[in-house]
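# Geometric and topological summary
So you can see what is in the structure, the chains are spelled out below.
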Amino acid sequence: EQKSIDALFAPDVPAMVPTFRPNPLISHRTAQTTGHIDVAFEVTKFGYARRVKVLDSSTEVSRDAKRKLLRDIYRGSFRPRVIDGHVADAAPVVLRYYVASEPQ
């Protein structure tokens, strides 16, 4: 079924490899959430991120939080994305990352 294939090979939040480690890009809105960062980038067929750009962020998000997210994206290795049955040369990704307050 195409829906199952898309969930595995083109999920909303790109799968980082190795997959046994927690994916730092997965975040959820919780009571501790202080803001969000909207980011766009491309995942190449070799699993690298390129053309990373912060699209928007809430005013409560610190510059350090943005830097950490960008660093995680640039340093990460991603599972290449499959679109229409073929590995895409560069597949666009747009995601919203929720920032939680740091414990004091």
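Residues numbered from 1 in each chain as written. Predicted model: local features only at pLDDT ≥ 70, side-chain atom pairs only at ≥ 80, totals over all residues. Heavy atoms only, no water.

Across a sheet, paired strands are connected by hydrogen bonds in the backbone, their directions being either parallel or antiparallel. With antiparallel pairing, the three strands of this open sheet are ordered in space as β3-β2-β7. Strand pairing shows two members of the sheet lacking a second neighbour, β3 (49-57) and β7 (90-100), which therefore form its edges. Between one strand axis and the next, the sheet turns by 20 degrees as a mean value, whatever way the strands run. Judged from the six bridges that link them, strand β2 (residues 33-44) and β3 form a sheet pairing that is antiparallel. Counted as the bridge partner of E42 is R50 from β3. (Pairing = 2+ DSSP bridges. Helix = DSSP H or I, 4+ residues; strand = E, 2+ residues; numbered from the N terminus. Axes fitted to C-alpha atoms, helices over the stretch in contact; angles between N-to-C directions.)

The tally for this structure, following the rule as stated, stands at six salt bridges. Residues R67 and D64 are paired through a salt bridge, measuring 3.5 Å at the closest nitrogen-oxygen approach. Residue R67 and its partner D64 are both found in helix α2 (residues 63-75); the two are separated by three residues, about one turn of the helix. (Salt bridge = Lys/Arg side-chain N within 4 Å of Asp/Glu carboxyl O.)

Counting 17 residues, the largest nonpolar core has L25, F41, L69, I73, F78 and L95 as the members making the most contacts within it. Going through the elements one at a time, β2, β3, α2 and β7 are the ones with two or more residues in this core. Apart from residues lying up to four places away in sequence, L69 is in contact with L25, I37, V39 and Y97. (Core = buried A, V, L, I, M, F, W, Y, C linked by side-chain atoms within 4.5 Å. Buried < 20%, exposed > 50% of the residue type's maximum accessible area, 1.4 Å probe, protein only. Contact = heavy atoms within 4.5 Å.)

Glancing now at the pairing of β2. By the criterion of burial, β2 is predominantly enclosed, with 11 of the 12 residues buried. The sheet contact formed by β2 and β7 spans 11 bridges and is antiparallel. By the bridge assignment, H36 is partnered in β7 with Y98.

Following V17, the chain continues into P18 via a peptide bond in cis, with omega recorded as 5 degrees. A positive phi angle is found at R51, which is not glycine, with a value near 55 degrees. For R51, the position within the fold is in strand β3. For R51, a relative accessible area of 60% gives the class exposed.

Turning to the environment of Y48, a few remarks are in order. By secondary structure assignment, the location of Y48 is in the loop between β2 and β3. Each C-alpha atom, one on Y48 and one on L69, is 15 Å from the other, the two residues being 21 residues apart in sequence. Beyond its immediate stretch of four places on either side in the chain, Y48 contacts E42 and V43.

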